[in-house]
Amino acid sequence: MIVNLHIANKVIEKEFSYTFECGLYEIKPFKIVRRPCGTNGKAKTRYYYKAYFIGFGDMLDIHKDSINGVESHEPIIRRFNKSFNPKKLTWIDNVAMISQGVQHDFN
C-alpha cells in the first residue's frame, strides 16, 4: 500500500517565529492507525487515519530536526489519496500492520 503524505521539508524563518514549506511524498507505511471522528451516531463509524513510516530525505519534524531514518507519523489526507480504501486493510482493534517497502519523493 502506498499513500501520499504532506510533510514539512523546508524551514521558513520569520522575525519572531518560523513556518514550514511542505512537499508531497509517496510513502509505504508500516502501520496505519485509525480513531473515530466522534462518539455518537454516524461519527462512531467514521475515522481519521494516520500513517506510520520511517522518514527519509529532507523531511523535518515540528522542531526543525531531520526525521531521516526516524519513525514518524502523519495524517492521511483523503484528497491526496483518492484510492485509499481502509476497508481492504486487516484491522486489529484500530491498527492495521503493513509490510515496509520502497519510498519516493515527488518534489
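First, a word on scope: everything that follows refers to the structure included in this document. (Residues numbered from 1 in each chain as written. Predicted model: local features only at pLDDT ≥ 70, side-chain atom pairs only at ≥ 80, totals over all residues. Heavy atoms only, no water.)

### Quick notes on the overall build of the protein chain
As a reminder, the rule being used: Strands here are runs of E lasting at least two residues and helices are runs of H or I lasting at least four, both read from the DSSP assignment and numbered beginning at the N terminus. Burial classes follow relative accessibility: with a 1.4 Å probe on protein chains only, a residue under 20% of its type's maximum area counts as buried, one over 50% as exposed, and anything between as partly exposed. Here, two residues are considered to be in contact whenever any of their heavy atoms come within 4.5 Å of each other. Areas reported as accessible are Shrake-Rupley estimates using a 1.4 Å probe. Residue values count occlusion only from the protein chains shown. Lys and Arg are tallied as positive, Asp and Glu as negative. Neither His nor the chain termini are counted. Charge placement uses NZ in Lys and CZ in Arg. For Asp and Glu, CG and CD serve respectively.
Looking only at helices and strands, the protein chain features zero helices and seven strands. Counting from the amino terminus, helix and strand elements in the protein chain follow one another as β-β-β-β-β-β-β. Across its three principal directions, the C-alpha atoms of the protein chain cover 45 × 35 × 20 Å. A total of 107 residues make up the protein chain; the buried ones form 31% of that total. Sequence-distant contacts in the protein chain: of pairs separated by 6 or more residues, those separated by 24 or more amount to 54%. As displayed, the protein chain has an accessible area near 7,200 Å², and 52% of this comes from carbon and sulfur atoms. In the protein chain, 16 positive and 11 negative side-chain charges are present, and the distance between their average locations comes to 16 Å.

### So, the sheet that holds strand S3 (residues 31–36)
Using the following cut-off: Each pair of strands is called paired provided DSSP finds at least two bridges between the two strands. With axes taken as lines fitted to C-alpha atoms, and helix axes fitted only over the stretch in contact, angles between N-to-C directions fall between 0 and 180 degrees.
Here four strands make up an open sheet; going across it, the order is S5-S4-S3-S6 and the pairing antiparallel. Each edge of the open sheet is held by one strand with a lone partner, namely strand S5 (71–75) and strand S6 (95–97). Adjacent strand axes in the sheet meet at a mean angle of 20° when their direction is disregarded. Pairing of S3 with S6 involves three bridges; the strand directions are antiparallel. Each residue of the ladder has a partner; that of Ile 32, found in S6, is Ala 96.

### Quick notes on unusual backbone geometry
Positive phi outside glycine occurs at Lys 64, with the angle close to 70°. Mapped onto the elements of the fold, Lys 64 is located in the loop between strand S4 (47–54) and S5. A residue is classified by how much of its surface remains accessible, and Lys 64, at 34% relative accessible area, is partly exposed.

### So, the packing of aromatic side chains
Here is the rule: Ring pairs shown here join Phe, Tyr and Trp side chains whose ring centres sit within 6.5 Å, with only the six-membered ring taken for Trp; geometry is labelled stacked below 30 degrees between planes, edge-to-face above 60, and tilted in between. We call a charge positioned over a ring when the NZ of a Lys or the CZ of an Arg lies within 6 Å of the ring centre and within 35 degrees of the ring normal.
Tallied over the entire structure, the rule returns five aromatic pairs. Taking 5.8 Å as the distance between ring centres and 85° as the angle between the ring planes, the aromatic pair formed by Tyr 25 and Phe 56 counts as edge-to-face. Of the two residues, Tyr 25 sits in strand S2 (residues 18–27) while Phe 56 sits in the loop between S4 and S5, which places them 31 residues apart along the sequence. Here Tyr 25 and Phe 56 have matching classes, each one buried. Chaining the aromatic ring pairs together yields one cluster made of Tyr 47, Tyr 49, Phe 84 and Trp 91. For the cation-ring pair, Arg 34 lies above Tyr 47, with the distance from its terminal atom to the ring centre recorded as 4.4 Å. If you follow Arg 34 out to its NZ or CZ, it ends over the ring of Trp 91, 4.3 Å from the centre.

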